[in-house]
Amino acid sequence: MSITTSRRLINFISLCGFFALIFLTVYFYHLGIFDDLQSLQEFVSQKTFWAPLIFVLIQILQVVIPIIPGGISLAAGVLLFGPLEGFLYNYIGICIGSLILFWLGRQYGSPLVLRLVNEKTYYKYIHWLDNQKRFDRLFTLAIFFPIAPDDALCLMASLTKISFKKFTWIILLAKPASVFAYSLVLLYGSEHIIQFLL
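Because the structure is predicted, anything quoted here is derived from the model rather than measured.

**So, the overall build of the protein chain**
Line of reasoning, step 1. Helix and strand counts for the protein chain come out as nine helices and zero strands.
Line of reasoning, step 2. For the protein chain, the α and β elements follow one another from N to C terminus as α-α-α-α-α-α-α-α-α.
Line of reasoning, step 3. Counting the 198 residues in the protein chain, one finds 38% classified as buried.
Line of reasoning, step 4. Intrachain contacts of the protein chain at a sequence separation of at least 6 include 71% that bridge at least 24 residues.
Line of reasoning, step 5. Accessible area of the protein chain: about 12000 Å², with a carbon and sulfur share of 70%.

**Points about the pattern of salt bridges**
Line of reasoning, step 1. Applying the stated rule across the entire model yields two salt bridges.
Line of reasoning, step 2. Lys166 serves as the salt-bridge partner of Asp136, at 2.7 Å between the closest nitrogen and oxygen. Taken together, the residues Asp136 in helix 7 (residues 132-144) and Lys166 in helix 9 (residues 164-197) connect sequence positions 30 residues apart.
Line of reasoning, step 3. Taking relative accessible area as the criterion, Asp136 reaches 10% and is therefore assigned buried.
Line of reasoning, step 4. Judged by relative accessible area, which is 40%, Lys166 ranks as partly exposed.

Here is what the cut-offs are and how they apply
- Residues numbered from 1 in each chain as written.
- Predicted model: local features only at pLDDT ≥ 70, side-chain atom pairs only at ≥ 80, totals over all residues.
- Heavy atoms only, no water.
- Helix = DSSP H or I, 4+ residues; strand = E, 2+ residues; numbered from the N terminus.
- Buried < 20%, exposed > 50% of the residue type's maximum accessible area, 1.4 Å probe, protein only.
- Contact = heavy atoms within 4.5 Å.
- Areas by Shrake-Rupley, 256 points an atom, 1.4 Å probe, with all protein chains shown as cover.
- Salt bridge = Lys/Arg side-chain N within 4 Å of Asp/Glu carboxyl O.

Okay, structure coming up:
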């Protein structure tokens, strides 16, 4: 399968996921779940085991194959489960997804990376791979701060000599800050954050 065909397939899967999300939103709306936040949270709390599990699986999947924008799912986690549990489920799902993505990149190499990462992003960050120590520092900073395409960089990291153990520690220790920041911005908006800081 060519790189172009693979990318089209991934885009098609993402589009299907997007339409499935719209369908579920309309369905839940007709059930009256979206009438207020409390009714939505009560609906989720009734599914005490399955709701968190399904949500974590969705987070894992959206890292490996971007079915829905990651920012939306981060905000949804906090809205559905509350700040603490939502953060925890977001963190678990994204970390596991990142580790799977790295493992896939390590197993299948640059052909897979080129299929999953668009050319613009690939060539923007490919020079990071020239120096391993420099890459490790830049990669850690990129994962810590919510400013770079984390999923693409996880794949790019798989092309370097970084060990799986070191990669895992970087993800586990640096991810919480970006997960928290994304959730906060998407839930409360930049104006509220500015007011909070001032």
